[in-house]
Structure formats: structure tokens, C-alpha cells
Amino acid sequence: MAQRDLYELLGVSRGASADELKKAYRKKALEWHPDRNKSTDAPERFKEINQAYEILSDAQKRAAYDQYGHAAFSPGGQGPFGRQGAGGQGYQQGPFTYTYYTPGSGGGQPYGFDFGSFTDPFEIFEQFFGNATPFGRSTRLPHYRITLDFLEAANGVEREVQIGSKKRRIKIPAGVDNGQQIRFADFVLDISVRPHKTFRRDGSDIVVTVEVPFALAALGGVIEVPTLEGQISLKVRQGTQPDTMIRLNDRGLPNVNGGGRGDLYVQVKITVPQRLDNRQRQALEELLK
């Protein structure tokens, strides 16, 4: 099988800077890590991504790859790394090498992967294990629990808390979710979030149900909708049906790891009057005709 271009694997151009390579690697590694991505080809893709970054983040290896391609790292191939191999049994993938076994494989063949010269090799794991790495690192730190209101979790908040025998002022980032963990230098904070009477959370999105009178749904008009920033006026189209979902872009929750906001979904609940006066009854009877 033909080997894929290393720049293509990371989704960068051949002129990409070291910082661009690192950002692209982080993104791809998070996307294809087998503990997060359950597709059958995730382990192999994750291995390829790490090998690509290992080569392209090293100035000498990158120069060799640019000149000779994959042949620079093939056993007996051209280039200064031809005797080492770039993925074989003796390949050294950076200062931090770990072994991963595909779940359910009954052991299987391990492969090594490194963390692309991150300052902390556990940093990438903490992004998708909620700061509890598979190597048990954060279990050495004491855990404390804090309970937040929905809006505090949505907007972020500063709190004074008792940590051990000391009072600490800590900052909770906007967008944290119930059950999430935040690791500080010397402790881990477990987050609990109280439900909100109006807003329902779905990832970074928010769903809010708004009652709309039958006549307004039929004729169209303007309704008031609650958002995280306060009430806004929203136009309802003529003939709106029950349970219609109206999407308001970027009105949801901030992504706690950065990268924008979710959306706000307005679910229309149409209310039907229980009692009608004569004029209303006549109007509806005309509508039936």
C-alpha cells in the first residue's frame, strides 16, 4: 500500500511553521485517539499521525523527507535515516514512548507513540480524559467538589473555596459541564452543575422551549426568547408547526477548551386556548372551511 504524504496526514502545507505543525498535530491526535474515536482504523491513523509529527517536527528529519520522501527512512533507503527506519521495530519516537493495545484485541501487536515534544507529555491525554490520564497521574492529587448554578457554569465564575486548610480564590472557565474535572497545580476540582428551569444543555448547545399562541403560530409574529445574554425578540414565520426548532447561531455555551460557542435552539410549543368567545369561535370555524 502506498504511504501517505506526511504533510497531508497532518493537514498542513509543506511550508508550515513549527507552530502550525504542533497545532495541527494536537487537533489530529485528539480526533483519532483510539480512546476517543471508536472507528476500526483509529489506532492505525493515530500511529501514522504521531510518526508524521515525529519526522516533521525534527528539522533534520524533515529536510531528509522533503528531499527523499519516505525512502529517507526506509531500511536501506536513501538519506541519513535510511538505516533506522521510520516505523519499524527499532524506531525511536521522541523522548516519551508508550505502548497502546487495541481494546478487545486480546493483547495484539503494540505500537509506540509520542507526544510531539509537548512540555508535559500527559497534556494531550488530559484534554480527553478530563485530567485523569490513563497512567493515573492525577490520582495523586486530592479531589474537591464544587457546585455551580447553570449560569455560573455557562459564563464562568470566580470563587473563594476552602482547599485543605487554606482559602483559595479560583477561576472556573466558562462552559464547564456537570461531571467535568479541572486540574489545578496541586488539586483536582470536580464540577457539579445544578439544572436550570429554562435552559437544557446538549453539549455546547442550549435548548429552550417557548410557548407560542396558536394564532401567532398560524399568522406569524414576534416572540420573546430567553438567552444567556437576556431576552431577545424573535420573528416566528407564518404557519409555524408544533415542536419546530429555530436555531440561533453562536448563542449557546462557550467551548471550555476554546473554539467558539454552541448554538441556541428554540423549541416552539404551540398553546391552544381552552375557552373561546363567539368571535374567536367564528374565526376558527371560517378557517376550517
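Cut-offs applied
- Residues numbered from 1 in each chain as written.
- Predicted model: local features only at pLDDT ≥ 70, side-chain atom pairs only at ≥ 80, totals over all residues.
- Heavy atoms only, no water.
- Phe/Tyr/Trp six-rings, centres within 6.5 Å; stacked < 30°, edge-to-face > 60°.
- Helix = DSSP H or I, 4+ residues; strand = E, 2+ residues; numbered from the N terminus.
- Buried < 20%, exposed > 50% of the residue type's maximum accessible area, 1.4 Å probe, protein only.
- Lys NZ or Arg CZ within 6 Å of the ring centre and 35° of its normal.
- Pairing = 2+ DSSP bridges.
- Axes fitted to C-alpha atoms, helices over the stretch in contact; angles between N-to-C directions.
- Lys, Arg positive; Asp, Glu negative; His and termini not counted.
- Salt bridge = Lys/Arg side-chain N within 4 Å of Asp/Glu carboxyl O.
- Contact = heavy atoms within 4.5 Å.
- pLDDT = per-residue confidence, 0-100.
- Patch = residues over 30% accessible without salt bridge, like charges linked within 9 Å, V, L, I, M, F, W, Y side chains within 5 Å.
- Areas by Shrake-Rupley, 256 points an atom, 1.4 Å probe, with all protein chains shown as cover.

**Quick notes on the packing of aromatic side chains**
In this description, an aromatic ring pair is defined by two values, namely the gap between the centres and the angle between the planes.
Consideration 1: Inspection of the entire model under this criterion finds five aromatic pairs.
Consideration 2: Ring centres of Y25 and Y53 lie 4.5 Å apart, and the angle between their planes is 15 degrees; on these two criteria the pair is classed as stacked. Here Y25 is found in helix α2 (residues 18-32), whereas its partner Y53 is found in helix α3 (residues 42-56), with 28 residues between them in sequence.
Consideration 3: Take Y25: its relative accessible area is 0%, and that puts it in the buried class.
Consideration 4: On the accessibility criterion, Y53 (4% relative accessible area) is buried.
Consideration 5: Their ring planes at 80 degrees and their centres at 5.9 Å tell us that Y144 and F187 sit as a pair that is edge-to-face. Taken as a pair, Y144 in strand β3 (residues 143-148) and F187 in the loop between β6 (181-183) and β7 (188-193) lie far apart in primary sequence, 43 residues in all.
Consideration 6: Taken together, Y144, F184 and F187 form an aromatic cluster joined through their ring pairs.
Consideration 7: The ring centre of W32 lies 4.2 Å from the NZ or CZ of R45, which sits over that ring.

**Considering the sheet that holds β7**
Consideration 1: Taking strand neighbours across the sheet as the criterion, the three strands line up as β3-β7-β6 in an open arrangement whose pairing is mixed. Of all strands in the sheet, those with a lone pairing partner are β3 and β6, marking the two edges. Pairwise comparison of adjacent strand axes, ignoring direction, gives a mean angle of 25 degrees for this sheet.
Consideration 2: Summarising the sheet, β3 and β7 pair through six bridges and their orientation is parallel. Its bridge partner being in β7, L148 is matched across the sheet by V193.

**Structural notes on the pairing of strand β4 (residues 157-163)**
Consideration 1: Sheet analysis places β4 next to strand β5 (residues 166-172), joined by seven bridges and oriented antiparallel. Bridged to Q162 within β5 is K167.

**Examining the side chain of R45**
Consideration 1: With respect to the helices, strands and loops of the structure, R45 is situated in helix α3.
Consideration 2: The charged side chain of R45 is buried without a salt bridge, its nearest counter-charge being E48 at 4.0 Å.
Consideration 3: Those residues in contact with R45 that sit more than four places away from it in its chain are R4 and W32.

**Remarks on the confidence of the model for the protein chain**
Interpreting fine coordinate detail is not advised for predicted regions of low pLDDT.
Consideration 1: On average, residues of the protein chain carry a pLDDT of 78, and 76% of them reach 70 or more.
Consideration 2: Mean pLDDT in the protein chain bottoms out at strand β1 (residues 98-100), which sits at 31, and peaks at helix α6 (residues 150-155), which reaches 95.

**Some details on a nonpolar patch on the surface**
Consideration 1: On the surface, a nonpolar cluster with roughly 370 Å² of combined accessible area is contributed by F214, V272, L284 and L287.
Consideration 2: Looking at the element boundaries, L284 is found in helix α8 (residues 278-288).

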